[in-house]
Amino acid sequence: MKTARLLPLFLVITSVASGAGWAELVRRGSELAAAGDLAGAREAFRRALAGDDARVVPAEALATVWSDIGVLSHRLEAFHDALAAYGRARHIIEQAFGPDDWRLIGVLLNAATAYLDQARFAEADRSSARAESILDAQPARDKWLLMRCRIVRAGVLMGRGEAARAAALLQDALSAAGASPDRAVEAAAILNNLAVISAHRSDWTAARMYVERSVALVEAAGPVNDTELIRPLLNAAHVATMQRRHADAVAVLARALAITDAQPGIGAAVRAHILNGYAAALRNVGRKDEARQAAARARAAGTPGGAETVDIYTLSVQPRR
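Residues numbered from 1 in each chain as written. Predicted model: local features only at pLDDT ≥ 70, side-chain atom pairs only at ≥ 80, totals over all residues. Heavy atoms only, no water.

Colleague: Is there a simple way to think about the overall build of the protein in this case?
Modeller: Check the secondary structure of the protein and you find 14 helices and zero strands. Reading the helices (α) and strands (β) of the protein from amino to carboxyl end gives α-α-α-α-α-α-α-α-α-α-α-α-α-α. A burial count over the protein gives 55% of its 321 residues as buried. In the protein, of all internal contacts separated by at least 6 residues, the share reaching a separation of at least 24 is 69%. Here the protein displays about 13,200 Å² of accessible surface, and carbon together with sulfur accounts for 52% of that area. (Helix = DSSP H or I, 4+ residues; strand = E, 2+ residues; numbered from the N terminus. Buried < 20%, exposed > 50% of the residue type's maximum accessible area, 1.4 Å probe, protein only. Contact = heavy atoms within 4.5 Å. Areas by Shrake-Rupley, 256 points an atom, 1.4 Å probe, with all protein chains shown as cover.)

What follows is the structure, encoded as structure tokens:
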């Protein structure tokens, strides 16, 4: 997890209901997503698509639900499922509205961030470039979508080692986000990635400042037991470890672990990564028995132990419709 990575924008379910069974399942999925049950929400949307009512649902509503499944899969770190769902949404929109329809922009940007999270930079670049091309053709360029394009582009540059250019794009995006409370999660993601760049430069003071601002913005934006906090907390733990603030690292990782424990559908690799880092942090403060227990839990999650620190692991913004 040494590579700086970007995820997409905060989940907003906007699925359109049509048909009795469809409407009930979509409503249920939206409620579960709002309550933080990402796996349950995804299952409800999948059941809606599998029902007979889905045959008569308008194309836009179908594409929206597929996109929502992509968002939920992405937040659960199931990237293969996320990209497959984004692909289905893209295909439906292209067939119904054409290859340059504005509805494609958000789906393409979400797919780009899923590619980034797997270090597939060329594919991320192509997907985000297509989104920006469609955006450029609109009568008025939406400044928030433009901000998302800049964030994705910065992720590509970070992956290629062009940190200075990435930082400049992120600063531009941060200015675009401004003080709008509606964009707090996006601003938090930008700050989180500026922390990553600072960390790669070994500027731990700046990294701490950025990541603490990121965590504070996410906390202010919504429930603190959600997945948006996991990666900035991991970055905060990494910074604390590098500054030898080991007790702080333990506390931060314990909080990240509590969030993942509340999300049964979260990816095993993420859970194991947190547990390995938690074990290392516990060893650093002399809590060896607890460290062994954490390492055993990491092995049970399917990932070998042995991590000595928590690597920089970015959050960026969560997927948005």
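Colleague: Just to check I follow, could you spell out helix α9 (residues 184-200) for this structure?
Modeller: Residues spaced three or four apart along an α-helix point in a common direction, a consequence of the helix completing one turn every 3.6 residues. Spanning 17 residues, α9 covers 24 Å between terminal C-alpha atoms, matching the ideal 24 Å at 1.5 Å per step. The buried count for α9 comes to 16 of 17 residues, which makes it a mostly enclosed element. Backbone geometry just after α9 places S202 at a positive phi near 65°. (Expected span 1.5 Å × (residues − 1).)

Colleague: Whenever I open this one, the pattern of salt bridges confuses me. Can you help?
Modeller: Note that side chains of opposite charge can pair when their charged atoms are close. Throughout the structure, instances matching the rule amount to 20 salt bridges. Here R103 and E60 are joined by a salt bridge, their closest N and O atoms 3.6 Å apart. Placement of R103 in the loop between α4 (79-97) and α5 (104-117) and of E60 in helix α3 (residues 59-75) is noted, with a sequence separation of 43 residues between them. Take E60: its relative accessible area is 33%, and that puts it in the partly exposed class. (Salt bridge = Lys/Arg side-chain N within 4 Å of Asp/Glu carboxyl O.)

Colleague: I keep staring at the packing of aromatic side chains and nothing clicks. Help me out?
Modeller: Here the distance between the centres and the angle between the planes together describe a pair of aromatic rings. Applying the stated criterion to the full structure yields zero aromatic pairs. Seen from the ring of F97, R103 lies directly overhead, with NZ or CZ sitting 3.9 Å from the centre. (Phe/Tyr/Trp six-rings, centres within 6.5 Å; stacked < 30°, edge-to-face > 60°. Lys NZ or Arg CZ within 6 Å of the ring centre and 35° of its normal.)

Colleague: What should I look at first to understand the nonpolar core in this one?
Modeller: Burial of nonpolar side chains together is a common tendency in soluble globular proteins. The biggest cluster of nonpolar side chains holds 51 residues, and the ones touching the most others in it are I190 and I274. In terms of residue count, α9 provides more of this core than any other element does, eight residues in total. Sequence-distant contacts of I274, defined by excluding residues within four places in its chain, comprise I230, L234, L253, A256, L257 and T260. Core analysis: the next-biggest nonpolar cluster, separate from the first, contains 47 residues, L25, A33, L83 and A111 among them. (Core = buried A, V, L, I, M, F, W, Y, C linked by side-chain atoms within 4.5 Å.)

Colleague: Explanation requested: the packing of α5 against helix α7 (residues 143-159) in the structure shown.
Modeller: Relative orientation and spacing of two packed helices are given, respectively, by the angle between their axes and the distance between those axes. Remark: α5 packs on α7, axes separated minimally by 10 Å, with the N-to-C direction vectors making an angle of 20°. For the element pair α5 / α7, the angle class is roughly parallel. In terms of crossing hand, the pair formed by α5 and α7 is left-handed. Contact residues: α5 offers I105, G106, L109, N110, A112, T113 and L116, while α7 offers L145, R148, C149, V152, G155 and V156. Its residues assigned to classes, the contact of α5 with α7 comprises eight nonpolar, four polar and one charged. (Axes fitted to C-alpha atoms, helices over the stretch in contact; angles between N-to-C directions. Parallel < 35°, antiparallel > 145°, perpendicular 65-115°, else oblique. Left-handed = near helix turned anticlockwise from the far one by under 90°. Nonpolar A, V, L, I, M, F, W, Y, C, P; charged D, E, K, R; others polar.)

Colleague: Got a minute to help me understand the environment of A44 in this structure?
Modeller: Take A44: it is sitting in helix α2 (residues 38-50). For A44, a relative accessible area of 5% translates into the label buried. Excluding residues that lie within four positions of it along the chain, A44 makes contacts with L25, R28 and G29.

Colleague: Honestly, the environment of A119 in this entry has me stumped. Any pointers?
Modeller: On the secondary structure map, A119 appears in the loop between α5 and α6 (121-136). Through-space distance from the C-alpha of A119 to that of G159 is 7.0 Å; in sequence the pair is 40 residues apart.

Colleague: Would you explain the packing of α4 against α5 in this entry?
Modeller: At a closest axis distance of 10 Å, the pairing of α4 and α5 adopts a crossing angle of 155°. For the element pair α4 / α5, the angle class is roughly antiparallel. The way α4 lies across α5 gives a crossing that is left-handed. From α4, F79, L83, Y86, A89, R90, I93 and E94 reach across to α5, where they touch L104, V107, L108, N110, A111, A114, Y115 and D117.

Colleague: Whenever I open this one, the confidence of the model for the protein confuses me. Can you help?
Modeller: In regions of low pLDDT, the predicted coordinates are not meant to be interpreted in detail. Here the protein shows a mean pLDDT of 80. Residues at 70 or above account for 85%. When the elements of the protein are averaged for pLDDT, helix α8 (residues 163-177) gives the smallest value, 82, and α4 the largest, 94. Low confidence marks residues 1-20, where pLDDT is under 50. Its contacts with residues over four positions away, or in another chain, come to 93 contacts. In this model, residues 304-321 is a region of pLDDT below 50 whose contacts with residues beyond four sequence positions or in other chains number 98 contacts. (pLDDT = per-residue confidence, 0-100.)

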